Amino acid sequence: MLADNTKKTEVWDTKTQAFHGGQEHRFLDNFVEDFSVTTNYLGTPRKALEAAREAISEVHHYPAANQEPAKTSLAQFLWPTDYAEHHGRLLLGNGASELIDLVVRKTLLQCIARGVAKPKWKGGPWNVQYREYQRSAENNEFEIMDPTYKEPVDLLCIVNPCNPTGDYFDIESLKTFLKANVVPNGAVLVDESMQPWHSKEFRSDSLISSHQFVQEMWEKHQISIHVIHSWTKIWSCTGLRVGSIICPTASHCEALRKIQVPWSVNGPALQFVEAVVQDEEYLNETWENTGRLRAYLIEKLTGLNDKWVYHGKPFLSWVWVDMVTVETAEKAIDLARQAGVPVRSGKPGYSCPTFVRVAVRKEPEVECLIKAWQSL
């Protein structure tokens, strides 16, 4: 039996905040690896990290108010051949969280202006998804509809690929779903933070390349589609808080900038973005190895218990594991914490008490987790 050298310190205000992974490491004296967050197994790209460190020497200056040259660098990454055409639709923010809230607040004002006092919100079709979208909608007094609700709503927020379940709409299926689930004059938020793991050709299966579809939805139905990325996962920089949003038009982007707090992306984060989009070797290694390491993780977990069920697409950076019983899941969470390899419980935020989310990591760190779970 492992000694419990952990300090079970609660950092979340459950009345006002949505639970999130990635906090327990700071309270573990024997910390080895964080399996509770879906960041890249490679860790933070070295050159981009150095750029952020160098930017610390400039903290006596304000960051660039126009987010340049980082924004142009990111635009070139998103649209290598025609970035100038779409640059005006792009806005950076303090992680995805700030940008989510901007769109929710703006949509509420638009609904009220057209006489909808209690607008409806729903998420994707899957039973659970990243909680921050619903939290923002609840705080802004949207009527929250169940994922099974079939009618179109005023604000649709879908996480694709879905974190934590690992479900994924290809681009044509996504378009079909969006067309059927938003009212005219409504708004859409599609979170594609985990979609770049898809493959080197990720852009072709993404809304970032579906310009005509986005334009037609706006011009024909006045439905505004926004595509959000939290760049903190693919580039393993959660402490920096970097996100972006692609708006349907430059005017939509200007409207969000108007209500965005100034300088919400700090200097080190901007320098990080400018550097990281140039690191092709890092992404190539990600695409080459993540699927293999995910399969390795599942193989090792299956060796512990052949009754567990694994969810999610093969290219993703985590596994959503149904351990069948609440007792097993709770024991797994405690054992992982005690061994310094915390995992994400499916209970808080997701209300899936038999599930745990396990990040893809390198083989030696996975062996530490498997050793901790030998008694399961």
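Note that residues are indexed from 1 along each chain, following the sequence as it is written. Only residues with pLDDT of 70 or above have their local features reported here, since the model is predicted, and side-chain atom pairs are shown and tallied only from 80 upward, although totals for entire chains, interfaces and linings are computed over all residues. Neither water nor hydrogens contribute to the side-chain values; these are computed over all heavy atoms in the structure.

A. Region of the structure containing the packing of aromatic side chains. To pair, rings of Phe, Tyr and Trp, with the six-membered ring standing in for Trp, must have centres within 6.5 Å; the planes then decide the type, stacked if under 30 degrees apart, edge-to-face if over 60, and tilted in the middle. What the rule picks out here adds up to 13 aromatic pairs. Pairing Trp-126 with Phe-169 gives two aromatic rings, centres 5.0 Å apart and planes at 45 degrees, and the pair type is tilted. A residue pair is termed long-range when its members are at least 10 positions apart, and Trp-126 in the loop between strand E2 (120–122) and helix H5 (132–139) and Phe-169 in the loop between strand E4 (153–159) and helix H6 (171–181) qualify at 43 residues. Each member of the pair Trp-126 and Phe-169 is classed as buried. Geometrically, the ring pair formed by Trp-320 and Tyr-350 is edge-to-face, given 5.8 Å between the ring centres and 85 degrees between the ring planes. Taken together, the positions of Trp-320 in strand E9 (residues 318–322) and Tyr-350 in the loop between strand E10 (344–345) and strand E11 (355–359) put the pair 30 residues apart, joining distant regions of the chain. Each residue gets one of three labels from its accessible area relative to the maximum for its type: buried under 20%, exposed over 50%, partly exposed in between, using a 1.4 Å probe on protein chains only. Taking relative accessible area as the criterion, Trp-320 reaches 3% and is therefore assigned buried. Three or more aromatic residues link up through ring pairs in this structure, and these residues are Phe-77, Phe-202, Trp-231, Trp-235 and Trp-287. A run of DSSP states H or I qualifies as a helix once it reaches four residues; a run of E qualifies as a strand once it reaches two. Both are numbered from the N-terminal end.

B. Representation of the packing of helix H10 (residues 280–304) against helix H12 (residues 363–372) within the structure. Axes here mean lines fitted to C-alpha atoms, for a helix over just the part in contact, with angles spanning 0 to 180 degrees between N-to-C directions. Contact geometry of H10 with H12 gives a least axis separation of 11 Å together with a crossing angle of 20 degrees. One finds that H10 runs roughly parallel with respect to H12. Between H10 and H12 lies a crossing whose hand is right-handed. In contact with Arg-292, Leu-293, Tyr-296, Leu-297, Lys-300, Leu-301 and Leu-304 of H10, H12 contributes Glu-363, Val-366, Glu-367 and Ile-370. Residues belonging to the contact of H10 with H12 are distributed by class as follows: 7 nonpolar, no polar and 4 charged. Should an angle fall under 35 degrees it is taken as roughly parallel, and over 145 as roughly antiparallel, whereas 65 to 115 is taken as roughly perpendicular and any remaining angle as oblique. Left-handed describes a crossing whose near helix is turned anticlockwise from the far helix through less than a right angle; right-handed describes the clockwise counterpart. Contacts are residue-level and defined by heavy atoms, with any inter-residue pair within 4.5 Å sufficient. For this classification, Asp, Glu, Lys and Arg are treated as charged, while Ala, Val, Leu, Ile, Met, Phe, Trp, Tyr, Cys and Pro are nonpolar and the rest, including Gly, are polar.

C. Representation of the sheet that holds strand E6 (residues 224–230). Only strands that DSSP links by at least two bridges are regarded as paired with each other. Taking strand neighbours across the sheet as the criterion, the 7 strands line up as E1-E7-E6-E5-E4-E2-E3 in an open arrangement whose pairing is mixed. For this open sheet the edge positions go to strand E1 (90–93) and strand E3 (143–144), each flanked by a neighbour on one side alone. With 2 bridges connecting them, E2 and E3 associate as parallel partners. Following the sheet pairing, Lys-120 is matched in E3 by Glu-143. Sheet strands touched by H6: E2, E4, strand E5 (182–191) and E6. Its angle to E5, the strand with the most contacts, is close to 140 degrees.

D. Inspection of the sheet that holds strand E8 (residues 309–311) at higher detail. The 4 strands lie next to each other as E8-E9-E11-E10, forming an open sheet whose pairing is antiparallel. Each end of this open sheet is capped by a strand with a single partner; those strands are E8 and E10. Here E9 runs beside E11; their pairing, made up of 5 bridges, is antiparallel. Among the inter-strand pairings, Trp-320 is bridged to a residue of E11, identified as Arg-357. Docked against the sheet, H10 engages E8, E9 and E11, running at close to 25 degrees with respect to E9.

E. Layout of the nonpolar core. Counting residues in hydrophobic clusters, the biggest one holds 64 residues, and the most contacted among them are Leu-74, Phe-77, Leu-78, Leu-178, Leu-207, Ile-225 and Trp-235. Leaving out residues up to four positions away in the same chain, Leu-178 has contacts with Leu-156, Ile-158, Val-188, Val-190, Leu-207, Phe-213, Met-217 and Ile-225. Here, nonpolar core refers to any group of buried Ala, Val, Leu, Ile, Met, Phe, Trp, Tyr and Cys residues whose side-chain atoms link them within 4.5 Å. Core analysis: the next-biggest nonpolar cluster, separate from the first, contains 24 residues, Leu-297, Leu-335, Val-356 and Ile-370 among them.

F. Structural context of the side chain of Ser-236. Here Ser-236 is to be found in the loop between E6 and strand E7 (243–246). By relative accessible area, Ser-236 is classed as buried at 13%. When near neighbours in sequence (up to four residues on either side) are disregarded, Ser-236 contacts Thr-39, Asn-40, Gly-43, Thr-44 and Tyr-282.

G. Focus on H10. Here the expected length of a helix is defined as 1.5 Å per residue gap, with one fewer gap than residues. Spanning 25 residues, H10 covers 37 Å between terminal C-alpha atoms, matching the ideal 36 Å at 1.5 Å per step. Check the buried side of H10 and you find it contacts helix H2 (70–78), E8, E9, E11 and H12.

H. A look at the environment of Gly-166. Relative to the helices and strands, Gly-166 is located in the loop between E4 and H6. The buried category is assigned to Gly-166, whose relative accessible area is 2%. Counting along the chain gives 118 residues from Gly-166 to Asn-284, while the straight-line C-alpha distance between them is 22 Å. The contacts of Gly-166, once residues within four sequence positions are left out, are Gly-312, Lys-313, Leu-316 and Trp-318.

I. Spotlight on the environment of Gln-129. Structurally, Gln-129 can be placed in the loop between E2 and H5. In the structure, Gln-129 is positioned 75 residues away from Ser-204 in sequence and 24 Å away in space, judged by C-alpha atoms. Setting aside residues up to four positions removed in sequence, Gln-129 forms contacts with Trp-121, Gly-123, Gly-124, Cys-157, Ile-158, Val-159, Cys-162, Asn-163, Pro-164 and Tyr-350. Two N or O atoms count as a polar contact when they lie within 3.5 Å, although within protein this holds only if one can serve as hydrogen donor and the other as acceptor, and sequence-adjacent residues are included solely when both atoms are side-chain atoms. At 3.1 Å, the side chain of Gln-129 forms a polar contact with the backbone nitrogen of Gly-124. At 3.4 Å, the side chain of Gln-129 forms a polar contact with the backbone nitrogen of Val-159.

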